[in-house]
Amino acid sequence: MSDPVVDIRHLSKSFRVFRSPFYRVLVVLGCPVPPSAYEEFRALRDIHLSVPAGQRLGIIGCNGAGKSTLLKIVAGMMQPTSGDIRVRGTVQALMDLGSLFHPDFTGRENVLAALGYRGVTGAEARRALDEIVDFSELDEVIDRPLSTYSSGMSARLAFSVATSIKPEVLIVDEVLGAGDAYFSGKCLRRMRHLTNE
């Protein structure tokens, strides 16, 4: 059996909840603060997880259970407080649509910027753009500013960009809830196709 694409051992994540904004400012400035200035909030405690290549995994839990925190750590957006995590291959994360695109840019400009950020440029970017527009079915609005898009349209574009590069690890955190049932089904078919590859 091959090495897992995600391997997590003894992973924990804590956050400091400061009793006053004053203490937070001191920490940002690099000044020491007494332990009485904050409480430790443990979002994740001693997590063990291994995901083989080609597998799909759903993480289910109540609000505040730490699901998004765990996904952000896997995506490399956040570091654990303790424990080990190894992620093999490219990672695409669909976690917060607001952070992916700029509202004043058109859909086309946002796609090209997102592709460029991922190292896809020139003729390869133009080919990817055509495929993204086709999959998202947003050809009639692709040259409008993103601020005119509905949340479902933004979700379509974000998912289409994230899956156009064929990542080894694709993280989807609730963003498809903004889309309609038809497009959600289309996304699920694409994720199955990616995992089968």
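Here the structure is a predicted model, which is why all the values come from computation and not from measurement.

Digging into the packing of aromatic side chains
Alright, step 1. Scanning the model with the defined rule gives four aromatic pairs in all.
Alright, step 2. Centroid distance Phe18 to Tyr38: 5.8 Å. Interplanar angle 65°. Geometry classified as edge-to-face. One end of the pair, Phe18, is in strand S1 (residues 6–18); the other, Tyr38, is in strand S2 (residues 38–51), and 20 residues separate them in sequence. Of the two residues, Phe18 and Tyr38, neither departs from the other in class, the shared state being buried.
Alright, step 3. Among the aromatic residues, those joined into a ring-pair cluster are Phe135, Phe159 and Phe183.

Concerning the side chain of Asp7
Alright, step 1. Mapped onto the secondary structure, Asp7 falls in strand S1.
Alright, step 2. Its relative accessible area of 16% is what places Asp7 among the buried residues.
Alright, step 3. At 3.1 Å, the side chain of Asp7 forms a polar contact with the side chain of Arg9.
Alright, step 4. Filtering out sequence-adjacent residues up to four positions away, Asp7 remains in contact with Leu49, Ser50, Asp84, Ile85 and Arg86.

Rules used throughout
- Residues numbered from 1 in each chain as written.
- Predicted model: local features only at pLDDT ≥ 70, side-chain atom pairs only at ≥ 80, totals over all residues.
- Heavy atoms only, no water.
- Phe/Tyr/Trp six-rings, centres within 6.5 Å; stacked < 30°, edge-to-face > 60°.
- Helix = DSSP H or I, 4+ residues; strand = E, 2+ residues; numbered from the N terminus.
- Buried < 20%, exposed > 50% of the residue type's maximum accessible area, 1.4 Å probe, protein only.
- Polar contact = N/O pair within 3.5 Å; in protein donor to acceptor, adjacent residues only side chain to side chain.
- Contact = heavy atoms within 4.5 Å.

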